[in-house]
Amino acid sequence: MDASHADHSLSAAVGALRRGDGIVSVVARVSGEDRPRVSVDPDARHYSASVMKLPILVAARRLAERGVLDLDRPVRVHDDFESRSPGHRFTMDQEEDSDPATWAALGSDVPLGDLVHRMVTMSGNLATNVVLDEVGTDEVAAVLADAGCSERTAIVRGIEDYPARDAGIDNLITADDMARLVVALADGRLAGPEATAECERTLQAQEYRNGIPAGLPDGLVIGNKTGWISSVNHDVALVRAPGMPPVGLAVLVSAPGTEEEREAGIARVAAAAWAEVVG
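Residues numbered from 1 in each chain as written. Predicted model: local features only at pLDDT ≥ 70, side-chain atom pairs only at ≥ 80, totals over all residues. Heavy atoms only, no water.

### Quick word on the pattern of salt bridges
- Under the counting rule described, the total for this entry stands at 16 salt bridges.
- Salt-bridge contacts for Asp-187 lead to Arg-189; the nearest nitrogen and oxygen are separated by 3.4 Å.
- Classification of Arg-189 by relative accessible area gives partly exposed; the value is 45%. (Salt bridge = Lys/Arg side-chain N within 4 Å of Asp/Glu carboxyl O. Buried < 20%, exposed > 50% of the residue type's maximum accessible area, 1.4 Å probe, protein only.)

Below, the structure is given as structure tokens:
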């Protein structure tokens, strides 16, 4: 596919996914290159949804690498948490979670590493908040800073922390920052070789593959992290292709339509973006 046709295809796919006044951000970054190969509304801020779990994964793995966290240590699974809004607490809702196994362990002890895995592969919300209690938002912020993310991206509270949200404390991301994050991971700039490999293995074990992975050709190694709530679907992937440096691809969608329509749209955008990356 020639470059002009690829660009037209990407514009058409993005336009269809926007459905009018929606916001669609697409960035593809290749390791070793300063400028992105694909950039559509790269700095627009989106609510993170479960993409927040990606830097938490890196934070947990590198703290374990440093000996600060023991991922084999059992931790108590609980659903009541301190809010980032001072003086408040909140309780999570099982109906909002896609990971029943962690809820089945409520009140018991589970190895921290198991929760880290479920946080990503099953997009477990309860697992995420238990892990975030152990990791801390300061280490998550350090991961983002080490990846070269801008101040437009901030992961500052747990999931369902509505008192914090109501106080204006929210998790926000940009497509460019998420592409930078996964390229920095692949480059070994966020953690050592073993922790980096563990992060990639976890992302490659992702259960939710209807977005970016569905749009890319066979023969690629893809690790991804999705996120979705009402009117929001995101996917961020680290792609390894034969004969190419690692590629970070982020597609963030805050737009009307059904979840299934947005997922299918992300796959079409990913296909068009990949054509530009390789074309």
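### As for the layout of surface pockets
- The computed volume of the largest pocket comes to approximately 430 Å³.
- Glu-96, Asn-125, Ile-159, Trp-228 and Ile-229 are the residues nearest the centre of the largest pocket, which is lined by 19 residues in total.
- When residues of the lining of the largest pocket are traced back to their parent elements, those giving at least two are helix H7 (162-166) and strand S9 (221-229).
- Of the residues that constitute the lining of the largest pocket, the class distribution is seven nonpolar, four polar and eight charged.
- As a volume, the second largest pocket reaches approximately 220 Å³.
- Along the wall of the second largest pocket there are 16 residues; nearest its centre are Glu-82, Arg-84, Leu-132, Asp-133 and Gly-158.
- Looking at the lining of the second largest pocket, the elements that each hand over two or more residues are strand S5 (80-82), strand S6 (89-91) and helix H5 (125-135). (1 Å grid on protein atoms, 1.4 Å probe; cavity = no way out; pocket = protein on both sides within 12 Å on 5 of 7 lines; lining within 4 Å. Points joined across faces, edges and corners; volume = space filled by probe spheres on them. Helix = DSSP H or I, 4+ residues; strand = E, 2+ residues; numbered from the N terminus. Nonpolar A, V, L, I, M, F, W, Y, C, P; charged D, E, K, R; others polar.)

### Quick word on the pairing of S9
- Where S9 meets strand S10 (residues 232-240), nine bridges bridge the pair, whose relative direction is antiparallel. Opposite Ile-222, over in S10, you have Val-239 as the bridge partner.
- Hairpin connection of S9 to S10: two residues between the antiparallel strands, including Ser-231 at a positive phi of 70°. (Pairing = 2+ DSSP bridges.)

### Notes on empty space enclosed by the protein
- Counted according to the given criterion, the structure contains one cavity of 30 Å³ or more.
- Residue lining of the largest cavity: Gly-211, Thr-226, Gly-227, Trp-228, Asn-233, His-234, Asp-235, Glu-263 and Ile-266, and that is the complete set.
- Where the lining of the largest cavity is concerned, the elements lending two or more residues are S9, S10 and helix H11 (259-278).
- For the lining of the largest cavity, the per-class residue count stands at two nonpolar, five polar and two charged.

### Quick notes on the sheet that holds S9
- Taking strand neighbours across the sheet as the criterion, the five strands line up as S2-S1-S11-S10-S9 in an open arrangement whose pairing is antiparallel. Where the open sheet ends on each side, the last strands, each with one partner, are strand S2 (38-40) and S9. Adjacent strand axes in the sheet meet at a mean angle of 10°, parallel and antiparallel pairs treated alike.
- In terms of strand pairing, strand S1 (residues 23-30) meets S2 through three bridges, oriented antiparallel. Residue pairing across strands places Ala-28 opposite Val-38, the latter belonging to S2.
- Packing of helix H9 (residues 193-204) onto the sheet brings it into contact with S9 and S10, and relative to S9 it is tilted by some 65°. (Axes fitted to C-alpha atoms, helices over the stretch in contact; angles between N-to-C directions. Contact = heavy atoms within 4.5 Å.)

### Let's talk about the nonpolar core
- Grouped together as the largest cluster of nonpolar side chains are 54 residues, with contacts concentrated most on Val-131 and Leu-181.
- Looking at this core, the elements that each hand over two or more residues are helix H2 (53-65), helix H4 (112-121), H5, helix H6 (137-146), helix H8 (175-186), H9, S10 and strand S11 (247-254).
- For this core, the element with the most residues is H8, which contributes eight residues.
- Beyond its immediate sequence surroundings of up to four residues, Val-131 is in contact with Ile-56, Ala-60, Leu-112, Leu-115, Val-116 and Met-119.
- Core analysis: the second largest hydrophobic core is formed by 29 residues, Val-24, Ala-237, Val-269 and Ala-270 among them. (Core = buried A, V, L, I, M, F, W, Y, C linked by side-chain atoms within 4.5 Å.)

### Things to note about H2
- Counted at 1.5 Å a residue, the expected span for H2 with its 13 residues is 18 Å, and the 18 Å between its end C-alpha atoms agrees.
- Burial of H2 is extensive: 11 of the 13 residues sit out of reach of the surface.
- Turning to H2, its buried residues are Lys-53, Leu-54, Pro-55, Ile-56, Leu-57, Val-58, Ala-59, Ala-60, Arg-61, Arg-62 and Leu-63.
- Looking one or two places after H2, you find Gly-67, whose phi comes out positive at around 85°. (Expected span 1.5 Å × (residues − 1).)

### A few points about the environment of Thr-102
- You can see Thr-102 is positioned in helix H3 (residues 100-104).
- Measuring from C-alpha to C-alpha, the distance between Thr-102 and Ile-229 comes to 20 Å, with 127 residues separating the pair along the chain.
- Among all residues touching Thr-102, those that are not within four sequence positions of it are Val-77, Leu-115, Arg-118, Leu-126 and Ala-127.

### Regarding the packing of H2 against H4
- Between H2 and H4, whose axes approach to 10 Å, the crossing angle comes to 155°. On the basis of their axis angle, the class for H2 and H4 is roughly antiparallel. Regarding H2 and H4, the two cross each other, and that crossing is left-handed. Taking contact as the criterion, the partners of Lys-53, Ile-56, Leu-57 and Ala-60 in H2 are, on H4, Val-116, Met-119 and Val-120.
- Across the contact of H2 with H4, the residue classes break down as six nonpolar, no polar and one charged. (Parallel < 35°, antiparallel > 145°, perpendicular 65-115°, else oblique. Left-handed = near helix turned anticlockwise from the far one by under 90°.)

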